[in-house]
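# Descriptive structure summary
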Amino acid sequence: MITVGFERTVEDAREWIEAAHPTHPSLIDTTWMVADLYNVLNVPTVFWIDETGSLVRPGETAFGSNVFQEFTGVDATLHHAVLRAWVRGDTPPPKREAMRAYQDLPSVADQQARAEFSLGRWLWEHEMADAAVPHFAAGERLAPDQWTIWRGSMRMQGLDPMGGPEFMQKMTAYIERGGRMRKIIPD
Amino acid sequence: MGTHRFTVIQADGAVQVDAEVDAPQRSVRLRADAVQQSLGWERKDQGLCRGDVCIPSRSLEGIEGDDGRFDLHRLVELLERPLAVDIDANAAFVGVGASDRAARLARFEAPDFALPDLEGRVHSLAEHRGKKVFLATWASW
């Protein structure tokens, strides 16, 4: 198991990782590199990778526990069960033809949005936080489904991503637009 | 219009080069040596080359000016890569194009990456080749 946290700085990630006492590599991605490589749109998104370095299933939403079950409506233990069965070799990997339907492939707009976000993030890191804001906004406009951009940039814009007024407003707009909340691959 | 130190940023780092920047026109023009230094494409007789790949000179019309400078927007567009520019900050980010990214994911490839842990120790996905890996992304936001 490898975890990757999308955080502004290593220090932003520290309290969370230290509290979890992980025994697996627990990595910090301050440039959202893995989001770009794997077309991650929101967190948590998980990937199963086999011994040859191939994706077994497309990226999907899965939770570590049922702490948020009331909010998400997702029973985390269902994913854990199919994951364990695959890891132990009790069940064969799913057929690629069947999995292809669940693949999210990035569009030109998705990658343009990531370029805007990445420029914003670089400006923020180089103490040009004000200059960063329009680039985050451009990224959000280009790819409104990328929570990794609209929510992931909020702290860099001095906004509260955990329930502040800006968050609530963006979240309401997202739901009204019919935006996808999570991606569940049925088993 | 004037010559500025201009930062070209990519996923693997940032390079500073001289650029002719026309802020009202939002144009950024780089000499061939700056293109090579920042993007890795070298101007040769036959065209703009990187490794074994060459973009023939005839395809550079409208991208390469008579003064030998390359228009950054048009060049990156030709390369089918996304570009974000901050003309006031003299900085641009050049990303990876959708077709490149989509092709790898469509082949069910798990792209390699290397990232640090809290202690600064760098781990790569490739180190785990031969084992099943559950890769979980998270954030505190």
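Above this note sits the structure.
Read on for a plain summary of the structure. (Residues numbered from 1 in each chain as written. Chains lettered and ligands numbered in written order. Predicted model: local features only at pLDDT ≥ 70, side-chain atom pairs only at ≥ 80, totals over all residues.)

## Some details on the overall build of chain B
In terms of helices and strands, chain B carries 3 helices and 12 strands. Relative to the compact-globule value of 14 Å for 141 residues, chain B shows a C-alpha radius of gyration of 18 Å, a clear excess of over 25%. Each principal axis of the C-alpha atoms in chain B carries an extent, and together these give about 55 × 35 × 20 Å. Within the span of chain B, comprising 141 residues, buried residues form 33% of the whole. Taking as baseline every contact in chain B between residues at least 6 positions apart, the subset at least 24 positions apart corresponds to 28%. (Helix = DSSP H or I, 4+ residues; strand = E, 2+ residues; numbered from the N terminus. Rg over C-alpha atoms; globule rule 2.2 N^0.38 Å. Buried ≥ 20, exposed ≤ 12 C-beta atoms within 10 Å, placed from the backbone. Contact = placed C-beta atoms within 7 Å.)

## Quick word on helix 7 (residues 129-142) of chain A
A rise of 1.5 Å per residue sets the reference length of helix 7 of chain A, with its 14 residues, at 20 Å; its end C-alpha atoms lie 20 Å apart and thus fit the reference within 8%. Listing the buried residues of helix 7 of chain A in full gives Ala132(A), His135(A), Phe136(A), Gly139(A) and Leu142(A). Down the axis of helix 7 of chain A, the buried set is contained in an arc of 125°. They therefore lie on one face. Where helix 7 of chain A is buried, its residues touch helix 6 (108-125) and helix 8 (147-150) of chain A together with strand 8 (83-86) of chain B. (Expected span 1.5 Å × (residues − 1). Arc of directions from axis to C-beta.)

## Re the interface of chain B and chain A
Listed per partner, the contact involves 43 residues of chain B and 64 residues of chain A. Elements with a contribution of two residues or more to the side of chain B that touches chain A: strand 8, strand 9 (91-94), helix 3 (98-106), strand 10 (114-116) and strand 12 (133-138) of chain B. Looking at the side of chain B that touches chain A residue by residue, the class counts come to 29 nonpolar, 6 polar and 8 charged. Of the strand pairs in this sheet, strand 1 (residues 2-6) of chain A and strand 12 of chain B are connected by 4 bridges, and their pairing is parallel. (Nonpolar A, V, L, I, M, F, W, Y, C, P; charged D, E, K, R; others polar. Pairing = 2+ DSSP bridges.)

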